[in-house]
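Spelled out, the chains give:
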Amino acid sequence: MSEDIAIALRNVSKCFQRYARPFDRLQEILFPGKSKTSQFWALRDIDLEITKGQTVGIVGRNGCGKSTLLQIIAGTLTPTTGEVVVRGRVSALLELGSGFNPEFTGKQNVFFNARLLGLSQQEIENKFDEIAAFADIGDFIQQPVKTYSSGMFVRLAFAVAVNVEPEILIVDEALAVGDIVFQHRCMRRMRSLMDSGVTTLFVSHDSGAIKTLCNSAIMIDDGNIHASGTPNNVIIKYMKLVTESELALVNPEDNQKQDNVLQPTSKATFESELAQTRRGSRKALIENIKLFHQSGEETEPNPVFAFNEQVKLLVEVRVYQELQGCIVGFFACDKNGNELIGSNTIEENQPIGKLAAGTNLQIEFLFKLPLRPSSYSLTVAGAENYTAMTFDWIDHAIVFQVLPPDTGKRIHALVDTPISVKVSQKNLPTTA
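All values reported here derive from a predicted model rather than from experimental measurement.

### Some words on helix 5 (residues 150-162)
Stage number 1. Taking 1.5 Å of rise per residue, 13 residues should cover 18 Å, and helix 5 covers 18 Å from first to last C-alpha, within 8% of that figure.
Stage number 2. For helix 5, a buried count of twelve out of 13 residues is recorded, marking the element as mostly surrounded by other parts of the structure.

Here you go:
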């Protein structure tokens, strides 16, 4: 195995034994020859390699096996089958307060956890002030941990995890507990560790954090690696899977029995090109998406626009089942999937009421592209209302580029807006 590999899993599976009733466990003890357990495979045949310095986002539905995978990598669980190789000091924040003794003070727990991670007594003493300052829980660090709030728990746990010079950092959804200021502090610290070459595994349901922090991602479903690749592509597949699961729960077959329901007569080319990046209930479908230059000329595939050029987005929607309302909107996203520009018909004071099956809609959006020179993509979507499942959502509907400003100005931020600058200079009197 290459020396550049920090974590390697070969054919790793994890099986848990489950009992239907507590009495079954007692029966198995009393009568050893009769098994009362059922097997639950949390992970099956996981093959994974993570190179040193890589930041990997892990997504998946609750119960899919994410936490089990992280615990096996951290060494707190043993796989049923397979081989696990981990190179480097692992610092893991897996559960709220995991590894903390509630009877010990915060300071005692800092020393205890840091010793478990391999630091010497002198190294911990040298780092304690830094850990305490990062946690920022005041005098509570001298109080028993059992008196802490959940926010104080995670503050101290994260402060220890990121300040013990880890070579591998594992964070499992813990950052959602802290307040806004602490979350920003955590993100800055994590990015600093990543930039310094720390291998990081980051589990979160915040797709924006995954896309911003990570340079690769994997999706776990039903104990298997369902997808891997760039964070944006994995997030798209994850959202598609979640939508399909929701559709299965609402039993869409019943909808086919309704009166006045049209069956989609899809445009084969448009459907096939976007099949991997669209999701929704299909009560209505986005039948066509077009971009136009400021001159009114329709764009070619992968169009190129001038900096800050005003463009027109045309969206055509066909209704197949009666809608109680309709919202159509779009996002212009960067290559990581971060949403930079966007709006919808409701926010632009163009509400669309009840629509019958067979209705055709045409929606036009006019907007400018004050974006840093790069490539971007359009996401277009529609729903009955803000709380309903989307009837159609298309990622990567159109990919386009934006050129640099012809004035020669350098654009440093993602989006450039007009800014007024005033510089004043005042000479202070000199003293003799």
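### Some remarks on the sheet that holds strand 7 (residues 199-203)
Stage number 1. The strand order across the open sheet formed by six strands is 5-6-7-3-8-9, and the pairing between neighbours is mixed. Single-partner strands in this sheet number two, and they are strand 5 (90-93) and strand 9 (224-229). Taking the axes of each pair of neighbouring strands and ignoring which way they run, one obtains an average angle of 15 degrees across the sheet.
Stage number 2. Across four bridges, strand 3 (residues 55-59) lies against strand 7 in parallel orientation. When the bridges of strand 7 are listed, Ile58 appears paired with Val203.
Stage number 3. Of the strands in this sheet, strand 3, strand 5, strand 6 (168-172), strand 7 and strand 8 (216-221) are in contact with helix 2 (residues 66-74), which crosses strand 6 at around 155 degrees.

### Section: the pattern of salt bridges
Stage number 1. All told, the structure shown has twelve salt bridges when counted by the stated rule.
Stage number 2. Close ionic contact of Lys312 with Glu364 constitutes a salt bridge, the shortest N to O distance being 3.9 Å. Taken together, the residues span a long stretch of sequence, with Lys312 in strand 13 (residues 310-319) and Glu364 in strand 16 (residues 360-368) at a distance of 52 residues.
Stage number 3. When its relative accessible area of 24% is taken as the criterion, Lys312 is described as partly exposed.
Stage number 4. For Glu364, a relative accessible area of 49% corresponds to the partly exposed category.
Stage number 5. Its salt-bridge partner being Lys354, residue Glu322 comes within 3.9 Å of it at the nearest N-O pair.

### Notes on the packing of helix 5 against helix 6 (residues 180-195)
Stage number 1. At a closest axis distance of 11 Å, the pairing of helix 5 and helix 6 adopts a crossing angle of 15 degrees. Comparing the axis directions of helix 5 and helix 6 gives the class roughly parallel. Judged by the sense of rotation from one axis to the other, the crossing of helix 5 with helix 6 is left-handed. Facing Val154, Arg155, Phe158 and Val162 of helix 5, the residues of helix 6 in contact are Phe182, Arg185, Cys186, Arg189, Met190 and Leu193.
Stage number 2. Broken down by class, the residue content of the contact of helix 5 with helix 6 amounts to seven nonpolar, no polar and three charged.

### As for the pairing of strand 15 (residues 339-344)
Stage number 1. Pairing geometry for strand 14 (residues 327-333) and strand 15, over five bridges, is antiparallel. Residue Phe331 lies in a different strand from strand 15, and its bridge partner there is Gly342.
Stage number 2. Adjacent in sequence and paired antiparallel, strand 14 and strand 15 are bridged by five residues, among which Gly337 carries a positive phi angle near 90 degrees.

### Description of the packing of aromatic side chains
Stage number 1. On inspection of all chains with the given rule, the structure shows twelve aromatic pairs.
Stage number 2. Judged by centre distance (6.2 Å) and plane angle (80 degrees), the ring pair of Phe158 and Phe182 falls under edge-to-face. One end of the pair, Phe158, is in helix 5; the other, Phe182, is in helix 6, and 24 residues separate them in sequence.
Stage number 3. A relative accessible area of 0% means that Phe158 is categorised as buried.
Stage number 4. A residue is classified by how much of its surface remains accessible, and Phe182, at 1% relative accessible area, is buried.
Stage number 5. An aromatic cluster is built from Phe100, Phe140, Tyr148 and Phe153, whose rings are joined through pairwise contacts.
Stage number 6. Directly above the ring of Phe16 sits Lys14, whose terminal nitrogen or CZ lies 5.3 Å from the centroid.
Stage number 7. Over the ring of Phe134 we find Arg185, and its NZ or CZ is 5.8 Å from the ring centre.

### Looking at the side chain of Ser377
Stage number 1. Along the chain, the position of Ser377 falls in strand 17 (residues 374-383).
Stage number 2. A distance of 3.4 Å separates polar atoms of two side chains, one belonging to Ser377 and the other to His396.

### Thoughts on the environment of Met187
Stage number 1. Its location among the elements puts Met187 in helix 6.
Stage number 2. Spatially, the C-alpha atoms of Met187 and Ala209 are 8.9 Å apart, while their sequence positions differ by 22 residues.

### Observations concerning the side chain of Lys66
Stage number 1. Structurally, Lys66 can be placed in helix 2.
Stage number 2. Within the local environment of Lys66, its side chain forms a polar contact with the backbone oxygen of Gly60, the two atoms lying 3.0 Å apart.
Stage number 3. With sequence-adjacent residues up to four places away left out, Lys66 is seen in contact with Ile58, Val59, Gly60, Arg61, Val203, His205 and Ile220.

### Some points on a nonpolar patch on the surface
Stage number 1. Where nonpolar side chains cluster on the molecular surface, the patch consists of Phe104, Phe112 and Leu116 and spans about 290 Å² of accessible area.
Stage number 2. Counting through the fold element by element, Phe112 comes out in helix 3 (residues 106-116).

Reading guide: rules and limits
Residues numbered from 1 in each chain as written. Predicted model: local features only at pLDDT ≥ 70, side-chain atom pairs only at ≥ 80, totals over all residues. Heavy atoms only, no water. Helix = DSSP H or I, 4+ residues; strand = E, 2+ residues; numbered from the N terminus. Expected span 1.5 Å × (residues − 1). Buried < 20%, exposed > 50% of the residue type's maximum accessible area, 1.4 Å probe, protein only. Pairing = 2+ DSSP bridges. Axes fitted to C-alpha atoms, helices over the stretch in contact; angles between N-to-C directions. Contact = heavy atoms within 4.5 Å. Salt bridge = Lys/Arg side-chain N within 4 Å of Asp/Glu carboxyl O. Parallel < 35°, antiparallel > 145°, perpendicular 65-115°, else oblique. Left-handed = near helix turned anticlockwise from the far one by under 90°. Nonpolar A, V, L, I, M, F, W, Y, C, P; charged D, E, K, R; others polar. Phe/Tyr/Trp six-rings, centres within 6.5 Å; stacked < 30°, edge-to-face > 60°. Lys NZ or Arg CZ within 6 Å of the ring centre and 35° of its normal. Polar contact = N/O pair within 3.5 Å; in protein donor to acceptor, adjacent residues only side chain to side chain. Patch = residues over 30% accessible without salt bridge, like charges linked within 9 Å, V, L, I, M, F, W, Y side chains within 5 Å. Areas by Shrake-Rupley, 256 points an atom, 1.4 Å probe, with all protein chains shown as cover.

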